[in-house]
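This is what each chain is made of:
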Amino acid sequence: MSRSVADKVNKGISPEKFIEGMTKNKEAFQGWYDKFEWADNGDREFFESLKDRNDLRVLILMADWCGDVVRNIPVVFRALEAGDIPTEVLIMEENLDTMDQFLTMGGRSVPVVIVADAEGNVHGTWGPRPTYIQEPMVNFKKANPDREAADYQENLTATRQEIMRRYGEGTGYQALVVQELRALIESV
């Protein structure tokens, strides 16, 4: 079954309005945005080459309280800006109907970057974090299906620590976001 976000196109807010309206994590978000640098000129050239395409729309389900939004969306914004790709933000709590169409392993995880065409037909999604960084959570969910298990919280804490270790202190992870976003758009 093909998915559509036609009912949400032109109903979101601009990336600028999202940043202006942030009540949590604004400084950290802006910091990652300001630190962004292209790790690969080929990726920069790819995104810049998208300026002539009018068949792409991106909607991003997100919330300012989410650490993965703070880390990853500044990178997504910078890449999409390079290509002048129309981008709208859908605040998760205000768009639960859409959020529930784009669950991650059965749960509401943000961000979800939705790549669609001009009519709102969804061609693919990215998120909530790069595959390498998401891998510990995937493994945790498979190994810990019982949320009531005695060691569930302990295992979840260890998983979150591993995710943070994989993000690292610097901006190296940003290249992963760019590469995965590029691969998604190339497939459209």
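Residues numbered from 1 in each chain as written. Predicted model: local features only at pLDDT ≥ 70, side-chain atom pairs only at ≥ 80, totals over all residues. Heavy atoms only, no water.

Draft legend 1. Expanded view of the overall build of the protein chain. A count of helical and extended segments in the protein chain gives eight helices and four strands. Listing the helices and strands of the protein chain from first to last along the sequence gives α-α-α-β-α-β-α-β-β-α-α-α. Computed over the C-alpha atoms, the radius of gyration of the protein chain is 17 Å, within 12% of the 16 Å expected from 2.2 N^0.38 for a compact globule of 188 residues. Its C-alpha atoms give the protein chain principal-axis dimensions of roughly 55 × 35 × 35 Å. Taken over 188 residues, the protein chain has a buried fraction of 45%. Summarising the internal contacts of the protein chain: among those between residues at least 6 apart in sequence, 78% fall at separations of at least 24. Carbon and sulfur atoms make up 46% of the accessible area of the protein chain, which amounts to about 9,800 Å² in all. Taking the 22 positively charged and 32 negatively charged side chains of the protein chain as two groups, their mean positions are separated by 2 Å. (Helix = DSSP H or I, 4+ residues; strand = E, 2+ residues; numbered from the N terminus. Rg over C-alpha atoms; globule rule 2.2 N^0.38 Å. Buried < 20%, exposed > 50% of the residue type's maximum accessible area, 1.4 Å probe, protein only. Contact = heavy atoms within 4.5 Å. Areas by Shrake-Rupley, 256 points an atom, 1.4 Å probe, with all protein chains shown as cover. Lys, Arg positive; Asp, Glu negative; His and termini not counted. Charge placed at Lys NZ, Arg CZ, Asp CG, Glu CD.)

Draft legend 2. Representation of the pattern of salt bridges. Tallied over the entire structure, the rule returns 10 salt bridges. Asp-97 is the salt-bridge partner of Lys-8, the closest N and O atoms lying 3.3 Å from each other. Separated by 89 residues along the polypeptide, Lys-8 in the segment before helix H1 (15-21) and Asp-97 in helix H5 (residues 96-99) bring together distant segments of the chain. With relative accessibility at 43%, the residue Asp-97 sits in the partly exposed group. (Salt bridge = Lys/Arg side-chain N within 4 Å of Asp/Glu carboxyl O.)

Draft legend 3. Main features of the packing of helix H6 (residues 131-143) against helix H7 (residues 152-167). With their axes 8 Å apart at the nearest point, H6 and H7 run at an angle of 170 degrees to one another. Comparing their axes, H7 and H6 come out roughly antiparallel. For the pair formed by H6 and H7, the contact residues are Tyr-132, Ile-133, Glu-135, Pro-136, Met-137 and Phe-140 on the first element and Tyr-152, Asn-155, Leu-156, Thr-159, Glu-162, Ile-163, Arg-165, Arg-166 and Tyr-167 on the second. Per-class residue counts for the contact of H6 with H7 are nine nonpolar, two polar and four charged. (Axes fitted to C-alpha atoms, helices over the stretch in contact; angles between N-to-C directions. Parallel < 35°, antiparallel > 145°, perpendicular 65-115°, else oblique. Nonpolar A, V, L, I, M, F, W, Y, C, P; charged D, E, K, R; others polar.)

Draft legend 4. Main features of the layout of surface pockets. As a volume, the largest pocket reaches approximately 590 Å³. Along the wall of the largest pocket there are 26 residues; nearest its centre are Asp-68, Ser-109, Arg-129, Met-137 and Arg-160. Of all the elements in the fold, those that place two or more residues in the lining of the largest pocket are helix H4 (67-82), H6 and H7. No other element matches the seven residues that H7 contributes to the lining of the largest pocket. Counted by class, the lining of the largest pocket contains 13 nonpolar, six polar and seven charged residues. (1 Å grid on protein atoms, 1.4 Å probe; cavity = no way out; pocket = protein on both sides within 12 Å on 5 of 7 lines; lining within 4 Å. Points joined across faces, edges and corners; volume = space filled by probe spheres on them.)

Draft legend 5. Up close: the side chain of Glu-88. Residue position: Glu-88 is located in strand E2 (residues 87-91). Salt bridges are absent for the buried Glu-88, whose nearest opposite-charge side chain, Arg-57, sits at 6.5 Å. In contact with Glu-88, not counting residues within four places along its chain, are Lys-8, Val-9, Asn-10, Lys-11, Gly-12, Ile-13, Val-58, Leu-59 and Ile-60.

Draft legend 6. Molecular detail of the nonpolar core. Formed by 56 residues in total, the largest nonpolar core has its most connected members in Phe-18, Phe-29, Phe-47, Ile-73, Val-76, Phe-77 and Ile-185. At nine residues, the largest contribution of residues to this core is made by H4. Ignoring sequence-local partners within four residues, the contact set of Ile-185 consists of Phe-46, Phe-47, Leu-50, Arg-53, Leu-56, Leu-80, Ile-85 and Val-115. (Core = buried A, V, L, I, M, F, W, Y, C linked by side-chain atoms within 4.5 Å.)

Draft legend 7. Looking closely at the packing of aromatic side chains. Under the criterion given, the structure shown has eight aromatic pairs. One aromatic cluster is present, formed by Phe-36, Trp-38, Phe-46 and Phe-47 through successive ring pairs. Residue placement shows Lys-35 over the ring face of Trp-32; its charged tip is 4.7 Å from the ring centre. (Phe/Tyr/Trp six-rings, centres within 6.5 Å; stacked < 30°, edge-to-face > 60°. Lys NZ or Arg CZ within 6 Å of the ring centre and 35° of its normal.)

Draft legend 8. Layout of unusual backbone geometry. At the junction of Val-110 and Pro-111, the peptide bond is cis and its omega measures out at 5 degrees in the coordinates. With respect to the secondary-structure elements, Pro-111 resides in the loop between H5 and strand E3 (112-116). Cis geometry marks the peptide bond from Gly-127 to Pro-128; its omega dihedral reads 0 degrees. The backbone of Asn-25 sits at a positive phi, close to 60 degrees, despite the residue not being glycine. If you trace the backbone, Asn-25 turns up in the loop between H1 and helix H2 (26-35). Taking relative accessible area as the criterion, Asn-25 reaches 36% and is therefore assigned partly exposed.

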